[in-house]
Amino acid sequence: MATYNPLVSCLLPAGTDYSRLARSIHCYQQQSWKNKELIVIDSGHRDIMPLLEDIPSNEVRHIRAAKKSGYTESSLLNLGVNQAEGDMIAYWGETEWHHPDRIQTQVDAMTDTDNACVLHSTLLHLDHPEYVHHPYSLPVSGGYAGSLVVRNRNDLHFPKTRKDAKQRYLKFLDETEVCTLDDSMAWLMIRCLEGGSKSDGYKAFVAGLRDSPKSAAWKFWLTFRGKSLATHPRFSISEKERQAFYRYLKESQRLGLIRSITDGHTPA
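Nothing here was measured: the structure is a model prediction, and the numbers come from that model. (Residues numbered from 1 in each chain as written. Predicted model: local features only at pLDDT ≥ 70, side-chain atom pairs only at ≥ 80, totals over all residues. Heavy atoms only, no water.)

### What about the pattern of salt bridges?
Where charged atoms of side chains with opposite charge meet at close range, the side chains can pair. This model, assessed by the stated rule, comprises twelve salt bridges. For E59, the salt bridge goes to K36, with nearest N and O atoms at 3.8 Å. A residue pair is termed long-range when its members are at least 10 positions apart, and E59 in the loop between helix 2 (49-52) and strand 3 (60-64) and K36 in strand 2 (residues 36-42) qualify at 23 residues. Looking at E59, the relative accessible area reads 17%, which means it is buried. For R247, the salt bridge is made with E251, and the minimal N-O distance between the two is 3.1 Å. Taken together, the residues R247 and E251, both in helix 8 (residues 239-254) and four residues apart, mark about one turn of the helix. The class for R247 is partly exposed, based on a relative accessible area of 33%. It is possible to trace a salt-bridge network through shared partners that takes in D17, R20, E194 and R259. (Salt bridge = Lys/Arg side-chain N within 4 Å of Asp/Glu carboxyl O. Helix = DSSP H or I, 4+ residues; strand = E, 2+ residues; numbered from the N terminus. Buried < 20%, exposed > 50% of the residue type's maximum accessible area, 1.4 Å probe, protein only.)

And the structure:
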């Protein structure tokens, strides 16, 4: 268990979705871990400074990427790494919701021999009328790279690639260097998908319901019987996961991010 108080630099690549960015910044502000800084790598075309006004100036850094084409995930992340002063670096994506105890839990789990920490599972949520109240826990082989927390070393950089920079970096590490939190910690992060039945988000969500022989058999049976996939056993989640989901749902609704709920109702 960590017995020190390292500074954690949270790298947030800012895209064009203002509301999602606002949610990520809110998640950062709500963290129980206080020794932190936020590094926003901004490649968008909208003024995001109003979103940063409530963060102490010595705790936030806004990097304005030059307006040119050709930026990749790795190049944006490396811009942030070059400015990070923390002992550790946490990836802080705007397509994920981060539980207030995310940093605390991951830092505390790392031993002196661990160079990185990831979650084996996260909750997956789809903003779609059929599934908007039905998240499920999805494991990722090798750990979910979007939950990466890594020690800030002089040689730290993300590999030059157009996509999957975090996943490729994670593969560079020896598995003995990586602390992987088990499936009981899936509530620390929610991956947020959206879209209609032909969208990539929808396809990814449904694909997760057949990621094992047992889950695939259930999906086939429900489809064969003409029943809603929302009755799939995968949607049975723990009480801690449910509490995290309701918090996420309320915060996301407040920012207008859950389009499938039009009556403003959130389950108690």
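Continuing now.
### Some points on the packing of aromatic side chains
Each pair of aromatic rings is reported with the distance of its centres and the angle of its planes. If you walk through the whole model with that rule in mind, you get 13 aromatic pairs. Centre to centre, the rings of Y131 and F205 are 5.1 Å apart; their planes meet at 55 degrees, and the pair counts as tilted. Here Y131, found in the loop between strand 6 (116-127) and strand 7 (136-151), pairs with F205, found in helix 6 (residues 200-207); they are 74 residues apart in sequence, far enough to count as distant. The same class applies to Y131 and to F205, which are both buried. By the ring-pair criterion, three or more aromatic residues cluster together here, those being Y131, Y136, Y202, F205 and F235. Stacked on the ring of Y28, the Lys or Arg K36 has its end atom at 4.9 Å from the ring centre. A cation over a ring is seen here: R46 above Y18, with NZ or CZ 3.7 Å from the ring centre. (Phe/Tyr/Trp six-rings, centres within 6.5 Å; stacked < 30°, edge-to-face > 60°. Lys NZ or Arg CZ within 6 Å of the ring centre and 35° of its normal.)

Just distances and angles here, no functional claims.
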